[in-house]
Amino acid sequence: MFTGIVTDMGEVRSVNPRAGNLHRITIFCNYPRAEIVQGASIACSGACLTVVDAGEEDGRVWFAVDAADETLRVTTVRRWHHGSKINLERPLKFGDELGGHLVAGHVDGLAIVVGREDMAGMARIVLRAPAELARFIAPKGSVALDGISLTVNTVEGDTFSVLVIPRTLQVTTFGALRKGDEVNLEVDTMARYAARLVEIK
């Protein structure tokens, strides 16, 4: 589990297609090399991926992950390339502070940016969610966008808005987010369960 509080911005070093539509992706990061072990989970722009290798190159720490069919189909991972910037978060440990909301790292689909308004260091970003996911998004509820825990500001049909504070713009990929960009969307787990309970009554 994660919290949606980004702790590093990584950079894709390489993407290597392998047999069976598997992509081996190597990512530079600022985490201590000793703390990255094979088998560990890291949320990469919201997608929980497993470390399969790690090392150092010219003083920079890197780790490698494999992305399979489902991840490539549902997320932005299929468009990553050398130089792509991605948000990183390592998983919660028992006793850690829950600064955002509980995030599973299981991306539900893609939301598209339909508008951005910059104001005094902040940004109001308007996104369109896939129709099948829009019902899980409510004002003052939580969403994870590219792995960032955000509070929903407004909702109108299948569009919703979030306000992004200056700190988040500085330390995540959202500083460069523009109209037309797609982001990984994970809806709030509690909203999903609530909807399921209503369905089975």
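Look up: the structure comes first, before these words.
Residues numbered from 1 in each chain as written. Predicted model: local features only at pLDDT ≥ 70, side-chain atom pairs only at ≥ 80, totals over all residues. Heavy atoms only, no water.

K.L.:
Help me out: how do you make sense of the sheet that holds strand 5 (residues 60-67) in this one?
P.N.:
Strand pairing within a sheet occurs via backbone hydrogen bonds; the two strands may be parallel or antiparallel. Read once around its circumference, the closed barrel built from 6 strands follows the order 1-2-5-4-3-6, with strand pairing classed as antiparallel. Shown here is a sheet whose adjacent strand axes are inclined to one another by a mean of 45°, direction ignored. The sheet contact formed by strand 3 (residues 41-44) and strand 6 (residues 85-89) spans 2 bridges and is antiparallel. What sits directly across from Ala 43, in strand 6, is Glu 89. (Pairing = 2+ DSSP bridges. Helix = DSSP H or I, 4+ residues; strand = E, 2+ residues; numbered from the N terminus. Axes fitted to C-alpha atoms, helices over the stretch in contact; angles between N-to-C directions.)

K.L.:
I keep staring at the pairing of strand 11 (residues 159-164) and nothing clicks. Help me out?
P.N.:
On a regular strand, one side chain projects to one face of the sheet and the next to the other, so that they alternate. In terms of residue burial, strand 11 counts as a mostly covered element, since 5 of its 6 residues are buried. In this structure, strand 8 (residues 122-128) lies alongside strand 11, joined through 6 bridges in antiparallel fashion. Counterpart to Ile 125 in the pairing with strand 11 is Val 162. Note that strand 10 (residues 148-156) and strand 11 share 4 bridges and pair antiparallel. From the neighbouring strand, Glu 156 faces strand 11, where its bridge partner is Thr 159. Following strand 10, the chain reverses through 2 residues before pairing antiparallel with strand 11; Gly 157 in that reversal takes a positive phi of roughly 65°. (Buried < 20%, exposed > 50% of the residue type's maximum accessible area, 1.4 Å probe, protein only.)

K.L.:
How should I be thinking about the pattern of salt bridges in this particular structure?
P.N.:
Pairing between side chains becomes possible if they bear opposite charge and their charged atoms approach one another. One pass over the structure, following the stated rule, counts 9 salt bridges. In this structure, the salt-bridge partner of Lys 85 is Glu 11, at a minimum N-O distance of 3.1 Å. Of this pair, Lys 85 sits in strand 6 while Glu 11 is found in strand 1 (residues 8-18), placing the two residues 74 residues apart along the sequence. Among the residues examined, Lys 85 registers a relative accessible area of 48% and is labelled partly exposed. For Arg 13, the salt bridge is made with Glu 57, and the minimal N-O distance between the two is 2.4 Å. Of this pair, Arg 13 sits in strand 1 while Glu 57 sits in strand 4 (residues 47-57), and the two are 44 residues apart along the sequence. The exposure class of Arg 13 is partly exposed, given its relative accessible area of 22%. Each member of the salt-bridge network shares a partner with another, and the members are Glu 11, Arg 60 and Lys 85. (Salt bridge = Lys/Arg side-chain N within 4 Å of Asp/Glu carboxyl O.)

K.L.:
Would you take a moment to explain the sheet that holds strand 9 (residues 142-145) for this structure?
P.N.:
Strand order in the closed barrel formed by 6 strands is 7-8-11-10-9-12, and the pairing between neighbours is antiparallel. Taking each pair of neighbouring strands and ignoring which way they run, the sheet shows an average axis angle of 45°. Of the pairings in the sheet, the one linking strand 9 to strand 10 comprises 4 bridges and is antiparallel in character. The partner of Ala 144 across the bridge, within strand 10, is Ser 149.

K.L.:
Honestly, the state of the cysteines in this entry has me stumped. Any pointers?
P.N.:
What we call a disulfide is simply a covalent bond connecting the sulfur atoms of a pair of cysteines. Enumeration according to the criterion identifies 0 disulfides in this entry. For the unlinked cysteine Cys 29, the closest cysteine sulfur is that of Cys 44, found at 9.4 Å. Cys 29 gets classed as buried once you look at its relative accessible area, which sits at 7%. No disulfide involves Cys 44; its sulfur sits 8.3 Å from that of Cys 48, the nearest cysteine. According to the relative accessible area criterion, Cys 44 is buried, its value standing at 0%. (Disulfide = S-S within 2.5 Å.)

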